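Architecture at a glance
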Amino acid sequence: MKEKIVAPCGIDCFNCEMYEDNVTDEFQKRLSESTKIPKEKITCKGCTEGNICLLLKMQGKSCKTLDCVKQKGVDYCFNCVDFPCKYLMPLADGAGKFPQNIKLYNLCLMKKIGIDNWVEQVADIRHTYFTKKIVIGEGGSEE
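In this report, we go over the structure that sits alongside the text. (Residues numbered from 1 in each chain as written. Predicted model: local features only at pLDDT ≥ 70, side-chain atom pairs only at ≥ 80, totals over all residues. Heavy atoms only, no water.)

1. A word on the packing of aromatic side chains
Scanning the entire structure with this criterion turns up 3 aromatic pairs. Where Phe14 meets Trp118, the ring centres are 6.4 Å apart and the plane angle is 85°; that geometry is what we call edge-to-face. Of the two residues, Phe14 sits in the segment before α1 (25–35) while Trp118 sits in helix α5 (residues 115–131), which places them 104 residues apart along the sequence. A relative accessible area of 7% places Phe14 in the buried class. For Trp118, a relative accessible area of 0% gives the class buried. Considering the side-chain rings of Tyr129 and Phe130, the 4.8 Å spacing of their centres and the 80° angle between planes classify their relative orientation as edge-to-face. (Phe/Tyr/Trp six-rings, centres within 6.5 Å; stacked < 30°, edge-to-face > 60°. Helix = DSSP H or I, 4+ residues; strand = E, 2+ residues; numbered from the N terminus. Buried < 20%, exposed > 50% of the residue type's maximum accessible area, 1.4 Å probe, protein only.)

Set out below in structure tokens:
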């Protein structure tokens, strides 16, 4: 079930190009050449059930957001009494390359419509995030 590979922070791991069902030989080769990590180790299972995001794992780091969720005993950040917190604060650095800035939107939508309904919409959300040109006051609206 796709819910098992939704990060507690609201990232849709199952849509990531490093996720085990999506990773291609070409991607593995390209990343292996730049990181010197063996090609076969470039695959990610998402950050649930004891796993961690491959980007952090490659750097030998832990995820402070994931650590916090575990410490607080919640499944998703939106279940936390401190939601939203600074671990979810959007940052401009890398925003055009990584989907970190849609985490808050994803979490709010997951809370509002449920994870199963969100799963059906998240590919479109990700597409809008990476392709729509910003128009002040419109956000990701379709108008």
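2. Points about the pattern of salt bridges
Within the structure shown, the criterion is met by 5 salt bridges. A salt bridge links Lys132 to Glu138; the nearest nitrogen and oxygen atoms lie 3.8 Å apart. The exposure class of Lys132 is partly exposed, given its relative accessible area of 29%. Look at Glu138 and you get partly exposed, because its relative accessible area is 32%. (Salt bridge = Lys/Arg side-chain N within 4 Å of Asp/Glu carboxyl O.)

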